[in-house]
Amino acid sequence: NTFSNCTSPLHPFSKTGKDGGDIWLSVLGEVFDVTSGRDYYAEGSGYSVFAGQDASPSFTTGNFTSEGAQQDLDELTAAQLSGVDGWRKFYADHETYKKVGVLCCDYYDKDGKPTDKLTTVWERLATHAAMKKGGTPKAKSAAEAAEEAEKEL
């Protein structure tokens, strides 16, 4: 599923746990149902900034404000960006949190294909990983990135 209409009842921005409803969050454009973690993500909880939006920068900066949630990923270091991706993997591999789709339009287009912004993120992550290993980075091509994203949907 690609969620692009902000007024849709299925849009993650409407899934904040209000009135006992579902709670969804997004990391790097991937949307996860975290309703089972209501104690963590519901309004008034420590991580409520994540509910109903993509607050990717906050996962690594620790700035759990609206401003922190909207920080540009280009402002993050490669290590911080790797931390964000670590949280994406945490949700993707979690036993009870389930991926429900992708969010248009920062990281995925209306057809669920990765955008240039997401491709740049992947390139930075590949470079960072290669540098940590002392090797030469091999960035994903846009085609490889799109193919990987389609497999995950």
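Notes on the structure follow. (Residues numbered from 1 in each chain as written. Predicted model: local features only at pLDDT ≥ 70, side-chain atom pairs only at ≥ 80, totals over all residues. Heavy atoms only, no water.)

Time to look at the overall build of the chain. In terms of regular secondary structure, the chain is built from six helices and four strands. Listed N to C, the secondary structure of the chain is β-β-β-α-α-α-α-β-α-α in terms of helices and strands. Counting over 153 residues, the chain shows a buried share of 41%. Looking at the chain alone, contacts between residues at least 24 apart form 53% of all its contacts between residues at least 6 apart. Accessible surface computed for the chain: about 8,200 Å², of which carbon and sulfur atoms make up 49%. (Helix = DSSP H or I, 4+ residues; strand = E, 2+ residues; numbered from the N terminus. Buried < 20%, exposed > 50% of the residue type's maximum accessible area, 1.4 Å probe, protein only. Contact = heavy atoms within 4.5 Å. Areas by Shrake-Rupley, 256 points an atom, 1.4 Å probe, with all protein chains shown as cover.)

Let's shift gears to helix α5 (residues 116–133). With 18 residues, α5 should reach 26 Å at 1.5 Å per residue; the first-to-last C-alpha distance of 26 Å fits that figure. Among all positions in α5, only Leu-118, Thr-119, Val-121, Trp-122, Leu-125, Ala-126, His-128 and Ala-130 are buried. After α5 finishes, the residue Gly-134 shows a positive phi value of roughly 80°. (Expected span 1.5 Å × (residues − 1).)

Mapped onto the elements of the fold, Thr-115 is located in the loop between β4 (98–103) and α5. Polar side-chain contacts of Thr-115 include one of 2.7 Å to the backbone oxygen of Asp-106. Beyond its immediate stretch of four places on either side in the chain, Thr-115 contacts Cys-105, Asp-106, Tyr-107, Tyr-108 and Asp-109. (Polar contact = N/O pair within 3.5 Å; in protein donor to acceptor, adjacent residues only side chain to side chain.)

Turning our eyes to something else, we now look at the layout of surface pockets. Taken as a whole, the second largest pocket encloses approximately 160 Å³ of empty space. Surrounding the second largest pocket, Tyr-40, Tyr-41, Tyr-47, Phe-50, Phe-59, Phe-64, Trp-87, Phe-90, Tyr-91 and Tyr-97 form its lining. It is helix α4 (residues 78–93) that contributes the most residues to the lining of the second largest pocket, three residues altogether. Of the residues assigned to the lining of the second largest pocket, the class counts are ten nonpolar, no polar and no charged. (1 Å grid on protein atoms, 1.4 Å probe; cavity = no way out; pocket = protein on both sides within 12 Å on 5 of 7 lines; lining within 4 Å. Points joined across faces, edges and corners; volume = space filled by probe spheres on them. Nonpolar A, V, L, I, M, F, W, Y, C, P; charged D, E, K, R; others polar.)

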